[in-house]
Amino acid sequence: MYQPDKYNQWLFNFINRVHEIEEKAFENELLAKDLTYTEIHVVYELGKYEAPQPMNVIAQDLQITQSSLTSLVNRIEEKKYLKRTRDESDRRIVSLELTERGNKLNYWHTQFHKNLTKKIREILNPGEVDLFFNTLQKLNHSMSIPLTADQLKPGQVARIESIRSDGSTKTRLMEMGVLSGTKIKLLKIAPLGDPFEIQVRGSLVSIRKQEASQIEVSLSEEVYV
Amino acid sequence: MIRIALAGNPNSGKTTVFNALTGSQQKIANYGGVTVEKKEGAFKSKKGKNIIVLDLPGTYSLDATSPDEQIAQEVLLGLRKDTEKPHAIVVVVDADNLERHLYLTLQLKETGTPIIIALNMMDIAQRHNKKINIEELSNKLGVPVVPMVARSELGIQALKDFLEEEKFTSIDIQRKWKLSPPLEELCSRVSQKLVLKNLVAEEVSDFYARGLLRTKNSPLSQVLKLPEDLQKYLTQCLNQLAWQGIHFSEEEISARYQWIEKILSTVLHHPSESQITWTEKIDKVLLHKVAGPFIFFGLIAILFQSIFTWATYPMDVIDTTFGWLSVQVENIVPSSFLRDLFVEGVIGGVGSVIIFLPQILLLFFFICLLEDTGYMARAAFLMDRLMARVGLSGKSFIPLLSSFACAIPGVMACRTIENKRDRFTTMLVAPLTTCSARLPVYALLIGAFVPAIPLAFGLTLPGVTLFGLYLLGIIGVIGAAWVFRKTIFRGEAPPVILELPTYKMPQLKVVLRNMWNRSKMFVRRAGTIILSMSIVLWLLSSFPKNPELENKLVLEGASPQVVSSNMLEQSYAGRIGKFIEPVIKPLGFDWKIGIGLVASFAAREVFVSTMATIYQVEGADEESLSLRESLQRDTNLTPLVAMSLLVFYVFACQCMSTIAIVRRETNSWRWPLFMVAYMTALAYVAALLVYQVGSILF
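Draft legend 1. Region of interest: helix α7 (residues 181–196) of chain B. Residue and element names in this part refer to chain B. Under the 1.5 Å per step criterion, the end-to-end length of α7 is 22 Å for 16 residues, consistent within 8% with the ideal 22 Å. Within α7 the residues assigned to the buried category are L186, C187, V190, S191 and L194. Angularly, the buried residues of α7 cover 125 degrees about the axis, an arc narrow enough to put them on a single face. Exposed side chains of α7 directed beyond 90 degrees from the buried face belong to P181, P182, E185 and L196. Check the buried side of α7 and you find it contacts α8 (202–214) and α10 (228–243). Following α7 by one or two positions, N198 adopts a phi angle in the positive range, close to 60 degrees.

Right, here's the structure in full:
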């Protein structure tokens, strides 16, 4: 039987348990006490690579802008978990590298993750493990926050994945040729930040931010629509 | 006789094709019951056949979400009593924008009416290196295609010749795009049932079936008078679709576009890297963050400059002409009731409308020019965010702007606003903008009561006062719009999806014809009502006659001015003025102003001439010193009363023509009456506040 209250409770409890376990894993370590949650994640992300990585790679991995990464890195560098290095061949490129302290934190982190999956494998039987992780993957895939047309920058081309709005708005957009699979280009944003001028199927159309935020898109490498 | 309907997307050049086909033989009317323009024209073919062309409203689709689309659909299905079903449709298609324009073409074809494609703007497509295989296009669609450049009349003759041949029946009307198999099956089941019950002919059964499956309570189900069992079956089908999460119309739209994409892959060859077009280059400047608004406000400044300075010369000429005309008639025709009625009622009434014609012509000229170039949509784009603050959209901006000259073109311009709530809100607040008819009243009262004290930066107190009155009007518009969108027209902000057409060189011929048509409509609509109202007002202020009193005054040697003043006082208008005195007393107004208010109910500027009569000043206008002095001498008329009166004029709805036009555009007396009520209430309260608070302070 469908019991939404109970399901929510279980879901919430599970997320909390994982958090608790993570916290416990570091309880006896003096490491990471001085880092915030986001700062820890920068260290982990960097830890995934063997070699020093340029700023923009990490920013992209974490889906944050380079400028917000810069301020994060400043703080983490102060606490001596990582350091900035300059590329030998091109001095303009700044790369990030973990320090001894950072590497140690990363080690504990991977240990924690290994323990977590090990624990799940102990509790569930092999069939259940497969089912559980497949289900998780499916949820993660469709629950990630998608890019919408209002987040595009002028000049960017994107492919429409789906249109969330319903009823007459969606019908009107579709009649004007704005369909799933159609490529659009954001041309201009009005001086006060709204509405947006987009190019679609050879015509120029103005839509409001409200409508644009209902259009899910994925960025395209192309320059022309 | 052959009847042709002309259809097409907005900006397809449909109007140009219409003009090229019919020349000057055009007739503009309204479809009964709605404010959708019905434009008809005709031409004679080489063989002498009379071909009537009906210009359908420009639409993106036929799915009947807006009144325009509804009308187009009804006409094409032969459902309208006032319009005969056309023999064929000429659909104007922009060759430079085939994909989107073919969408409507497919829909039109599905109605079962034979269609012919007028493939317009071939020159622009060519300039963009697009190669269109016309034969292939015609074959794939199963429809004849006539390529043309309507602006230079290329291909128009070919189209005329084709229409003359009347080879309409051979046109293949089978729907070629396909829905998903289960939906196809559903369609054919419903259409079979329709045919079995003898409700529709077999060739259009698919069109009707899909129309019925698109929405619940489809207007088509009433048209067909569906029997109960079929209605039940349909409801079942619709419920099942809803349960499965299938939007039938969305499936249709996708299927149509997919089919178009498919056929265009063989029909259209265009460079893989589309070049940056002229339009994009111009938009870089005109929609620029800084330059865009700057240019926009510059254009508005020029517009206002032209309306308020250039137009004054012809206005003076008209004024003098009508004055001269009255004098001539008075000199030639012996004194009689009819002569007075003609001179003061008819000539005066017509004159008070015609005097605004130069301003209105200029206003329409600019608006038509901006529309024809494609800038108007950009203005809406630039202003949208600002208008959204009060719950309106960029489309409301131009109607409101026009209202600064006159509310009538402003209200008429509201037709372009699709959303009903937005349209009505804009119409109801438009008369609050300071129109040019208020200016004579302002000029008289400011001239008489506001001393010309210089202020800082070369400004003077009268100038600042005038600016303040304009500002007050604007605040009124913003406030009222905001309140209406929160109360009677509450509802979510409608989606504003607006096409920004490519820029085009304006064609003087098109602009002038447009301007002429709209001005004609203004004169006809406003003229008739103003004329009748000014006759009524003339009667009110001339009757009852009191020959005894008149004779007595004349014998006593009173001047003609004193006589007419006394006559006005005892007329019906004067009695009404006295009757309403208790009501307007709290605003500081006496019965004399009361008469002025009654008289200026038809048109505000009448206030000036009425005051002149009451104060026994001959031949006075708002600039006249003697009238100003007379007003100043009146001890009842303090500067505070003048202020209260000015504020009253800012908000009050004293314009019969506006009321008439709102009645026309909303198709009911409810809204114009509501407008009068709310504006009068607003004016009353505002003037009351000014006078009462002012009395306490000074």
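Anyway, onward from the coordinates.
Draft legend 2. The arrangement of the domain arrangement of chain A in detail. Segmentation of chain A into domains returns domain 1 (1–144) and domain 2 (149–220). Each of domain 1 of chain A and domain 2 of chain A has a C-alpha centre, and these two points are 34 Å apart.

Draft legend 3. Spatial organisation of the sheet that holds strand β2 (residues 82–86) of chain A. All names here are of chain A. Spatial ordering of the open sheet is given by β1-β3-β2, a layout of 3 strands whose pairing is antiparallel. What marks the edges here is a single partner per strand, and that holds for β1 (53–54) and β2. Relative to strand β3 (residues 94–98), β1 runs antiparallel, the two sharing 2 bridges. Bridge pairing in β3 places P54 opposite S95. Lying over the sheet, helix α2 (residues 37–47) contacts β1, β2 and β3, oriented at roughly 95 degrees with respect to β3.

Draft legend 4. Up close: the interface of chain A and chain B. Taken residue by residue, the interface counts 30 residues in chain A and 32 residues in chain B. Going through the elements one at a time, α7 (167–175), β5 (183–189) and β7 (203–207) of chain A are the ones with two or more residues in the side of chain A that touches chain B. If you tally residues by element for the side of chain A that touches chain B, the top one is α7 of chain A, at 8 residues. The residue inventory of the side of chain A that touches chain B, partitioned by class, reads 13 nonpolar, 8 polar and 9 charged. As defined by bridge partners, β7 of chain A adjoins strand β10 (residues 498–500) of chain B across 3 bridges and the pair is classed as antiparallel.

Draft legend 5. Just the packing of helix α20 (residues 420–429) of chain B against helix α22 (residues 461–486) of chain B, in detail. All names here are of chain B. With their axes 9 Å apart at the nearest point, α20 and α22 run at an angle of 145 degrees to one another. The chirality of how α20 crosses α22 is right-handed. On the side of α20, the interface is formed by T425, L428 and V429, while α22 contributes V477, A480, A481, F484 and R485. When its residues are assigned to classes, the contact of α20 with α22 shows 6 nonpolar, 1 polar and 1 charged.

Draft legend 6. Structural view of the pairing of strand β3 (residues 37–44) of chain B. Residue and element names in this part refer to chain B. Summarising the sheet, β3 and strand β4 (residues 50–55) pair through 6 bridges and their orientation is antiparallel. Counterpart to E40 in the pairing with β4 is L54. Linking two consecutive strands that pair antiparallel, namely β3 and β4, is a turn of 5 residues; a positive phi of about 85 degrees is found at G48 within it.

Draft legend 7. Region of interest: the sheet that holds strand β8 (residues 215–220) of chain A. Taken in spatial order, the 6 strands of this open sheet run β8(A)-β4(A)-β5(A)-β6(A)-β7(A)-β10(B), and their pairing is antiparallel. Of all the strands in the sheet, just β8 of chain A together with β10 of chain B have a single pairing partner and so form its edges. Pairs of neighbouring strands in the sheet enclose a mean axial angle of 40 degrees, with direction left out of account. Its contacts with the sheet place helix α17 (residues 375–388) of chain B against β6 (196–200) and β7 of chain A together with β10 of chain B, and it is angled at close to 125 degrees to β10 of chain B.

Draft legend 8. Region of interest: the environment of P582 of chain B. Residue and element names in this part refer to chain B. Considering the arrangement of structural elements, one finds P582 in helix α27 (residues 581–584). Under the C-beta neighbour-count criterion, P582 is labelled exposed, with 10 such atoms within 10 Å. Sequence separation between P582 and F484 is 98 residues; the distance between their C-alpha atoms is 31 Å.

Scoring rules and cut-offs
Residues numbered from 1 in each chain as written. Chains lettered and ligands numbered in written order. Predicted model: local features only at pLDDT ≥ 70, side-chain atom pairs only at ≥ 80, totals over all residues. Helix = DSSP H or I, 4+ residues; strand = E, 2+ residues; numbered from the N terminus. Expected span 1.5 Å × (residues − 1). Buried ≥ 20, exposed ≤ 12 C-beta atoms within 10 Å, placed from the backbone. Arc of directions from axis to C-beta. Contact = placed C-beta atoms within 7 Å. Domains from an automatic or database assignment. Pairing = 2+ DSSP bridges. Axes fitted to C-alpha atoms, helices over the stretch in contact; angles between N-to-C directions. Nonpolar A, V, L, I, M, F, W, Y, C, P; charged D, E, K, R; others polar. Left-handed = near helix turned anticlockwise from the far one by under 90°.

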